[in-house]
Amino acid sequence: MRRWVVGLAGLVLAGCVSVEPGDMGGACTASLNETVDDEAAPDARIAELTRVLATCGDEDLAGRGAVLARRGQAYADADNWSSYQEDFSQAADVFERAILRGDFVSSRAMAMLYLRAERLEDGLHWAEHAHREAGETPTMPEYRLMMFYYSQLEDWEGQRRISEAMTQQWPEEKRNWQSYAAALAMTGREREAFDVNVLMYERGLLTESSEIVRVAQRYTYYEEPVPGAELLDRELEAGRVDRTSANYRSLALMWRQAGRPDRAIRPASIVAQATD
């Protein structure tokens with residue numbers, strides 16, 4: 001399915017925000033809560049929500065927006081993605097009017113509506129506002145919402161700032177460091193991105209053999225073969241890196257590049273024996 005739905009599902013499952021925009025009162029809201037069965041089949045829900053929508057006037061903008069959002073979700077469940085996007089776009093516009101009239105809708109809810117409507121530029125300021133509203137210690141949902149916006153808009157500098165803050169607040173989360181390193185690389189700061197990967201290794205966040213090998217090999221790219229060879233040698237001995245011919249060959253080449261042929265003999269011999 002389209003990448004937007006996949007991304008939004010990840011945000012919702014992570015507890016980012018509810019897809020229900022609000023709890024404002026009104027005739028349309030009351031009708032929505034009383035008559036719509038969320039367990040019904042998508043087509044039945046669409047028909048009922050369309051009927052409810054016909055009763056909503058401008059006196060209950062919040063209710064009208066809520067109906068549009070609920071119908072948009074029903075269209076998604078029915079795999080009708082054009083109607084899904086259209087309903088969420090209309091819902092966002094209706095809630096904008098409701099806010100101007102004095103109704104309250106959370107910034108996170110507005111940001112989610114615009115995401116579902118695929119109107120990123122319109123929703124970005126709501127996501128940023130939700131982040132600011134969180135104060136000194138935003139929660140993971142606020143951060144992830146910002147990350148999603150910045151990544152989709154390819155705002156790598158914005159993603160770098162957010163992911164760096166996330167590594168400071170949740171240093172034990174591997175994916176925060178990965179996002180930080182990726183954003184640094186996308187902004188042309190490859191060496192800093194490599195340093196972040198080294199820090200991840202030192203913190204014990206790199207647990208896959210291939211991840212550790214990549215860090216070791218990257219040292220040679222920056223003409224620092226000794227620390228790379230020492231790292232790979234140490235991890236091969238500890239068994240945290242797969243003891244394959246390819247990895248021993250890499251180790252031998254690193255020691256050779258470092259001007260230490262004496263240290264290259266053992267891994268080269270292992271490769272020779274393994275490959276006959």
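Residues numbered from 1 in each chain as written. Predicted model: local features only at pLDDT ≥ 70, side-chain atom pairs only at ≥ 80, totals over all residues. Heavy atoms only, no water.

Trainee: Quick question: what am I supposed to make of the overall build of the chain here?
Mentor: Along the backbone of the chain there are 15 helices and 0 strands. Within the chain, buried positions represent 46% of all 276 residues. Excluding contacts between residues fewer than 6 apart, the proportion of contacts in the chain whose partners are at least 24 apart in sequence is 55%. Accessible surface computed for the chain: about 13900 Å², of which carbon and sulfur atoms make up 48%. (Helix = DSSP H or I, 4+ residues; strand = E, 2+ residues; numbered from the N terminus. Buried < 20%, exposed > 50% of the residue type's maximum accessible area, 1.4 Å probe, protein only. Contact = heavy atoms within 4.5 Å. Areas by Shrake-Rupley, 256 points an atom, 1.4 Å probe, with all protein chains shown as cover.)

Trainee: Help me understand the packing of helix 12 (residues 209-221) against helix 13 (residues 225-238), please; the structure alone is not making it clear to me.
Mentor: Packed helices, taken two at a time, are described by the angle between their axes plus the distance between the axes. At their nearest, the axes of helix 12 and helix 13 sit 6 Å apart, and the two run at 155° to each other. Judged by the inter-axis angle, helix 12 sits roughly antiparallel to helix 13. Two packed elements cross with a definite hand, and for helix 12 against helix 13 that hand is left-handed. Residues Ile-212, Val-213, Val-215, Ala-216, Tyr-219 and Thr-220 of helix 12 form the contact with helix 13, whose own contacting residues are Pro-225, Pro-227, Gly-228, Leu-231, Leu-232 and Glu-235. Tallied by class, the residues present in the contact of helix 12 with helix 13 amount to 9 nonpolar, 2 polar and 1 charged. (Axes fitted to C-alpha atoms, helices over the stretch in contact; angles between N-to-C directions. Parallel < 35°, antiparallel > 145°, perpendicular 65-115°, else oblique. Left-handed = near helix turned anticlockwise from the far one by under 90°. Nonpolar A, V, L, I, M, F, W, Y, C, P; charged D, E, K, R; others polar.)

Trainee: Would you mind showing me how to read the nonpolar core here?
Mentor: Generally speaking, a soluble globular protein has its nonpolar side chains buried in company with each other. One finds Val-67, Leu-113 and Tyr-149 to be the most contacted residues of the largest nonpolar core, which totals 49 residues. Listed by contribution, the elements that provide at least two residues to this core are helix 2 (27-35), helix 3 (42-53), helix 4 (61-77), helix 5 (81-100), helix 6 (107-116), helix 7 (120-133), helix 8 (140-152) and helix 9 (156-169). The biggest single contributor to this core is helix 4, with 9 residues. Once residues within four sequence positions are removed from consideration, Tyr-149 is found in contact with Ala-111, Tyr-114, Leu-115, Leu-120, Gly-123, Leu-124 and Ala-127. (Core = buried A, V, L, I, M, F, W, Y, C linked by side-chain atoms within 4.5 Å.)

Trainee: Teacher, can you tell me more about the packing of helix 7 against helix 8 here?
Mentor: Contact geometry of helix 7 with helix 8 gives a least axis separation of 9 Å together with a crossing angle of 150°. When the axes of helix 7 and helix 8 are compared, the pair comes out roughly antiparallel. Between helix 7 and helix 8 lies a crossing of left-handed hand. Residues Leu-120, Gly-123, Leu-124, Ala-127, Glu-128, Ala-130 and His-131 of helix 7 lie in contact with helix 8, whose contacting residues are Glu-142, Tyr-143, Leu-145, Met-146, Tyr-149, Tyr-150 and Gln-152. When the residues that make up the contact of helix 7 with helix 8 are grouped by side-chain class, the tally is 9 nonpolar, 3 polar and 2 charged.

Trainee: Any chance you could explain helix 6 here in plain terms?
Mentor: Structurally, the α-helix is built with 3.6 residues per turn, so residues lying three or four positions apart point the same way. Taking burial as the measure, the 10 residues of helix 6 include 9 buried ones, the bulk of the element. Turning to helix 6, its buried residues number three or more, namely Ser-107, Ala-109, Met-110, Ala-111, Met-112, Leu-113, Tyr-114, Leu-115 and Arg-116. One or two steps after helix 6, the chain reaches Glu-118, where phi turns positive at roughly 60°.

Trainee: For this particular structure, what's the right way to read unusual backbone geometry?
Mentor: Glycine aside, residues mostly have negative phi angles, and peptide bonds mostly take the trans form. Here the phi dihedral of Asp-79 falls at roughly 60°; this positive angle occurs in a residue that is not glycine. Within the secondary structure, Asp-79 sits in the loop between helix 4 and helix 5. For Glu-118, which is not glycine, the phi dihedral falls at a positive 60°. Take Glu-118: it is sitting in the loop between helix 6 and helix 7.

Trainee: Can you walk me through the packing of aromatic side chains in this structure?
Mentor: Within a pair of aromatic rings, the relevant descriptors are the distance that separates the centres and the angle that separates the planes. Within this structure, the stated rule accounts for 6 aromatic pairs. Aromatic rings pair up to connect Phe-194, Tyr-219, Tyr-221 and Tyr-222 into one cluster. Over the ring of Tyr-222 we find Arg-191, and its NZ or CZ is 4.7 Å from the ring centre. (Phe/Tyr/Trp six-rings, centres within 6.5 Å; stacked < 30°, edge-to-face > 60°. Lys NZ or Arg CZ within 6 Å of the ring centre and 35° of its normal.)

Trainee: Looking at this model, I keep getting lost on the pattern of salt bridges. Mind explaining?
Mentor: Pairs can form between side chains of opposite charge whenever their charged atoms are close. Tallied over the full model, the rule gives 17 salt bridges. For Arg-71, the salt bridge is made with Asp-87, and the minimal N-O distance between the two is 2.6 Å. Of this pair, Arg-71 sits in helix 4 while Asp-87 sits in helix 5, and the two are 16 residues apart along the sequence. As far as burial versus exposure is concerned, Arg-71 and Asp-87 are alike and both buried. A salt bridge links Asp-195 to Arg-191, with the shortest nitrogen-to-oxygen separation between them at 3.1 Å. On the criterion of helical spacing, the pair formed by Asp-195 and Arg-191 is a turn pair, its members being 4 residues apart in helix 11 (residues 190-202). Arg-191 sits in the partly exposed class, given a relative accessible area of 31%. Connected via shared salt-bridge partners are Asp-93, Arg-119 and Asp-122. (Salt bridge = Lys/Arg side-chain N within 4 Å of Asp/Glu carboxyl O.)

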